[in-house]
Amino acid sequence: MREAEVRDEIEIAGLVVEGFLDKFRPIFGRGMDRSVWIMEKWVRLEHSIGGVRSLVVEISATGEISGSVGVRIGDSDDDALSRGLWDSLERSLGFLRASWAATLLSYPRYAASFQEAYVERLVVSPAHRNQGMARALLDASEDLARETGKSTVGLHVSGENIPALRLYESYGYEEVSEQRSRLTGYFLGIRNWLYLRKEI
Ligand SMILES: CC(C)(COP(=O)(O)OP(=O)(O)OC[C@H]1O[C@@H](n2cnc3c(N)ncnc32)[C@H](O)[C@@H]1OP(=O)(O)O)[C@@H](O)C(=O)NCCC(=O)NCCS
């Protein structure tokens, strides 16, 4: 386990697209071949202006990255983040598809708070699942939150994502609120987004 470096951003992007394929296919459509490029730009923006640090699990024998998580602990320039994402989407997909993608990617909505670390895009590659890697990434995320003086860790999970829900529940995360969306329900199969939080 280590903190991600700039050279890891492309691999993180690949893992995220692979892990959330069901979500990304309807978002990017025929522009799916551009999805890893777009995600890499997004991860880079998050690291540079989004107050996010990423952690990765690296397999020592091969150097392959098998899991990753982003933890938002610092200030974020949300306007610049949105502009940066929009530029990547429009350049890759054209105006109409980019508008569609930006709308779907705007879920779930989250209002950052100074006391809270926000965990996002937790993913383990399919070949390495069920070996405790997500637990290790979550442990490290909580450690990072403590080290940076946060009092809570928050995250969103779709109500349909049973493996992730089991994981978070077993760590003591509790549901605080729920966002329902007919749009993501219809197009992504995600009817409700649960916002979970844990005191640390
Ligand atoms: C969710 C995910 C990160 C779990 O990664 P993992 O490394 O396989 O998880 P772990 O081996 O650390 O398992 C931790 C716990 O998660 C739960 N869990 C993991 N996979 C599960 C499954 N298929 N069914 C039910 N519970 C599961 C269990 O509680 C498990 O604890 P246990 O082994 O004591 O039963 C992985 O399945 C993944 O990358 N999914 C796609 C991306 C995603 O949905 N991320 C979550 C976003 S909110």
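Residues numbered from 1 in each chain as written. Predicted model: local features only at pLDDT ≥ 70, side-chain atom pairs only at ≥ 80, totals over all residues. Heavy atoms only, no water.

Chemist: Sorry if this is basic, but what is going on with the site of the ligand here?
Modeler: By nearness alone, 20 residues border the ligand, and Leu122, Asn130, Gly132, Arg135 and Asn161 come closest of all. For the ligand, an oxygen atom lies 3.4 Å from a polar atom in the side chain of arginine 129. Contact between the ligand and alanine 134: an oxygen atom at 3.0 Å from a main-chain N or O atom of the residue. When the free accessible area of the ligand is taken as 920 Å², the share hidden by the protein chains comes to 73%. (Near = heavy atom within 4 Å. Polar contact = N/O pair within 3.5 Å; in protein donor to acceptor, adjacent residues only side chain to side chain. Areas by Shrake-Rupley, 256 points an atom, 1.4 Å probe, with all protein chains shown as cover.)

Chemist: When you look at the pairing of strand 5 (residues 152-158) in this model, what are you seeing that I'm missing?
Modeler: As a general feature of sheets, a regular strand has side chains that alternate between the two faces. In terms of burial, strand 5 is largely enclosed, as seven of its seven residues are buried. Of the two faces of strand 5, the one carrying Thr152, Gly154, His156 and Ser158 and the one carrying Val153, Leu155 and Val157 are both buried. Here four bridges tie strand 4 (residues 116-124) to strand 5, and the two strands are oriented parallel to one another. The partner of valine 119 across the bridge, within strand 5, is leucine 155. As defined by bridge partners, strand 5 adjoins strand 7 (residues 192-199) across seven bridges and the pair is classed as antiparallel. Bridge pairing in strand 7 links leucine 155 to leucine 196. (Buried < 20%, exposed > 50% of the residue type's maximum accessible area, 1.4 Å probe, protein only. Helix = DSSP H or I, 4+ residues; strand = E, 2+ residues; numbered from the N terminus. Pairing = 2+ DSSP bridges.)

Chemist: Mind showing me how you'd approach the packing of helix 1 (residues 9-19) against helix 3 (residues 35-49) here?
Modeler: When two helices pack together, their arrangement is captured by the angle between the axes and the distance separating the axes. Two numbers describe how helix 1 lies on helix 3: the axes approach to 8 Å, and their chain directions differ by 120 degrees. Here helix 1 lies oblique to helix 3, going by the angle between them. The element helix 1 and its partner helix 3 pack so that their crossing is right-handed. Facing helix 1, whose interface residues are Glu9, Ile10, Ile12, Ala13, Gly14, Val16 and Val17, helix 3 presents Ser35, Val36, Met39, Glu40, Val43, Arg44 and His47. Each residue belonging to the contact of helix 1 with helix 3 can be placed in one class, and the counts come to eight nonpolar, three polar and three charged. (Axes fitted to C-alpha atoms, helices over the stretch in contact; angles between N-to-C directions. Parallel < 35°, antiparallel > 145°, perpendicular 65-115°, else oblique. Left-handed = near helix turned anticlockwise from the far one by under 90°. Contact = heavy atoms within 4.5 Å. Nonpolar A, V, L, I, M, F, W, Y, C, P; charged D, E, K, R; others polar.)

Chemist: Honestly, the environment of serine 125 in this entry has me stumped. Any pointers?
Modeler: Tracing the chain through its elements places serine 125 in the loop between strand 4 and helix 6 (133-147). Considering only alpha carbons, one finds serine 125 and valine 16, 109 residues apart in sequence, at a separation of 8.7 Å. Those residues in contact with serine 125 that lie beyond four places of it in its chain are Leu15, Glu18 and Ser66.

Chemist: Which parts of the structure should I look at to understand the side chain of histidine 128?
Modeler: Among the secondary structure elements, histidine 128 is positioned in the loop between strand 4 and helix 6. The exposure class of histidine 128 is buried, given its relative accessible area of 14%. When neighbours within four sequence positions are excluded, histidine 128 is seen to be in contact with Ile59, Glu64, Ser66 and Met133.

Nothing here speaks to function; it is all geometry.
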